[in-house]
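Fold and contact review
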Amino acid sequence: MATATLEKLVSVPRYSTLRVAESADASVHWCHMHADLAAAPGRACFKPALVADILQYQGQLADRLRRERSLGDATLRHVVLASDCDAFNLGGDLEYFCDAIRRQDRPALLHYARQCVRGVHAFHAGLDAGAHSIALVQGDALGGGFEAALSCHTIVAEEGVGMGLPEVLFDLFPGMGAYSFLCKRIPPHKAEQLMLSGDVLSSEELHKMGLVDVLAPRGQGVQAVEDVIRGNRRIPHARSAMHKVRAMAQPVTLEEMMAITEVWVDTALQLGEKSMRTMERLVRAQYRRHGEHAAAQA
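Treat the numbers as computed from the prediction; the structure is a model and nothing was measured. (Residues numbered from 1 in each chain as written. Predicted model: local features only at pLDDT ≥ 70, side-chain atom pairs only at ≥ 80, totals over all residues. Heavy atoms only, no water.)

Enumeration over the complete set of coordinates arrives at 20 salt bridges. A salt bridge links Arg 77 to Glu 68, with the shortest nitrogen-to-oxygen separation between them at 2.7 Å. For the residue pair Arg 77 and Glu 68, the accessibility class agrees, reading buried in each case. Among the ionic contacts, a cluster of salt bridges with common partners joins Glu 22, Arg 64, Glu 68, Asp 73 and Arg 77. (Salt bridge = Lys/Arg side-chain N within 4 Å of Asp/Glu carboxyl O. Buried < 20%, exposed > 50% of the residue type's maximum accessible area, 1.4 Å probe, protein only.)

Right under this line is the structure:
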């Protein structure tokens, strides 16, 4: 869905679920999720294949950026997480969850959760390479999709987008970073209210709450991201220093997030049939949503 106007070059290698690109000067890197949905109906969620592709992309890009820094290149790099679909991301793979919970497969759920946490923490940490992470939200960001956006340093969202944490609808909680990241932006009791309400709020409401940094008119999200990048090019050292200060003053450690995933897994394994049926209804709705969108685009 996101289309940058900056001159870009397609990066290699190619990924099955991602479309990645970079600016001509290699200072801006774009990572578009759900590239595979253009070819076949599916769900715009964090399927294991998407999580694996993101981790591989992050690792390769991080190695490259660290090498460049070691050679004295002080250019501030920007990594933009966006989507090729009408949704930013609808969250965790509920179909995978249902299967693992019915089989009581704790190792499978824990592995999935830990992989997700590694991905969002990498965006939060600027890939451990001093990068500025930006989430461009042009479609709904729910559950893990909202967590992924919250993990980034800057959230740019277009007007009319829905964002929230609906996991309470099936008696679960968002366990891949939501609480940790929310509490860095709003008071803890407000974070808990948001998580336990299950409400999906508009990007306008979240901007007023301080959870969205930049609110852009519909269709102008890419331009807003480019404006953010241009603004930071004037203050690269201040921006880099601010990331370091934030990490010291408001740390979100990987260890903390991994411990929370243990609570999430143990809670998920206790869910009953009613919760399973609710998740399965949501899965069917996700399939219908993309199928209808693909038909409209044909």
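Of all six residues making up strand 3 (residues 28-33), six are buried, and the element is well covered by its neighbours. Going residue by residue along strand 3, you find Val 28, Trp 30 and His 32 tucked away on one face and His 29, Cys 31 and Met 33 tucked away on the opposite face as well. Note: strand 2 (residues 18-23) against strand 3, five bridges, orientation antiparallel. Paired with Leu 18 across the bridge in strand 3 is Met 33. (Helix = DSSP H or I, 4+ residues; strand = E, 2+ residues; numbered from the N terminus. Pairing = 2+ DSSP bridges.)

As a further point, take the state of the cysteines. Note: disulfide means a covalent bond formed between the sulfur atoms of two cysteine side chains. Under the defined criterion, the tally for this structure stands at zero disulfides. Not part of a disulfide, Cys 116 finds its nearest cysteine sulfur in Cys 45, a span of 9.8 Å. Taking relative accessible area as the criterion, Cys 116 reaches 13% and is therefore assigned buried. There is no disulfide at Cys 183, and the cysteine sulfur nearest it, in Cys 152, is 18 Å away. Classification of Cys 183 by relative accessible area gives partly exposed; the value is 21%. (Disulfide = S-S within 2.5 Å.)

Right, let's talk about the side chain of Ser 180 for a bit. One can find Ser 180 in helix 5 (residues 178-182). The exposure class of Ser 180 is buried, given its relative accessible area of 4%. At a separation of 2.5 Å, a polar atom in the side chain of Ser 180 contacts the side chain of Glu 256. Excluding residues that lie within four positions of it along the chain, Ser 180 makes contacts with Val 252, Glu 256, Met 257 and Ile 260. (Polar contact = N/O pair within 3.5 Å; in protein donor to acceptor, adjacent residues only side chain to side chain. Contact = heavy atoms within 4.5 Å.)

Moving on: the side chain of His 78. Counting through the fold element by element, His 78 comes out in strand 4 (residues 78-83). In this structure His 78 touches Ser 27, Val 28, His 29, His 132, Ile 134, Ile 229 and Asn 232, once residues within four positions along its chain are discounted.

Right, let's get into the environment of Ala 241. Structurally, the position occupied by Ala 241 is in helix 9 (residues 236-249). For Ala 241, a relative accessible area of 36% gives the class partly exposed. Residues Ala 241 and Gly 130, 111 residues apart in the sequence, show an inter-C-alpha distance of 9.3 Å.

The next subject is the sheet that holds strand 6 (residues 141-142). The strand order across the open sheet built from three strands is 6-8-9, with neighbouring strands paired in mixed fashion. Each edge of the open sheet is held by one strand with a lone partner, namely strand 6 and strand 9 (200-202). Two elements, strand 8 (residues 162-164) and strand 9, share three bridges in a ladder whose sense is antiparallel. In the sheet register, Gly 164 faces strand 9, and the bridge partner there is Val 200.

Attention shifts here to the environment of Leu 76. Turning to its location among the elements, Leu 76 is positioned in the loop between helix 1 (48-70) and strand 4. A residue is classified by how much of its surface remains accessible, and Leu 76, at 8% relative accessible area, is buried. For Leu 76 and Ser 27, which are 49 residues apart along the polypeptide, the C-alpha to C-alpha distance reads 6.9 Å.

All right, on to the pairing of strand 5 (residues 132-137) then. The side chains of a regular strand alternate, first on one face of the sheet and then on the other. Most of strand 5 is tucked away, with six of its six residues classed as buried. Of the pairings in the sheet, the one linking strand 4 to strand 5 comprises four bridges and is parallel in character. Paired with Val 79 across the bridge in strand 5 is Ser 133. Pairing geometry for strand 5 and strand 7 (residues 154-158), over four bridges, is parallel. Residue pairing for strand 7: Ala 135 is matched across the bridge by Ile 155.

Here we come to the packing of aromatic side chains. According to the stated counting rule, one finds four aromatic pairs in the structure shown. When the ring of Phe 97 is compared with that of Trp 264, the centres are 5.1 Å apart and the planes differ by 65°; the resulting orientation is edge-to-face. Of the two residues, Phe 97 sits in helix 2 (residues 94-102) while Trp 264 sits in helix 10 (residues 254-268), which places them 167 residues apart along the sequence. For Phe 97, a relative accessible area of 4% gives the class buried. Assessed through its relative accessible area of 2%, Trp 264 is described here as buried. Ring-pair connections join several aromatic residues into one group, and the members of that group are Tyr 96, Phe 97, Tyr 112 and Trp 264. (Phe/Tyr/Trp six-rings, centres within 6.5 Å; stacked < 30°, edge-to-face > 60°.)

So yeah, pure geometry; function would need other evidence.
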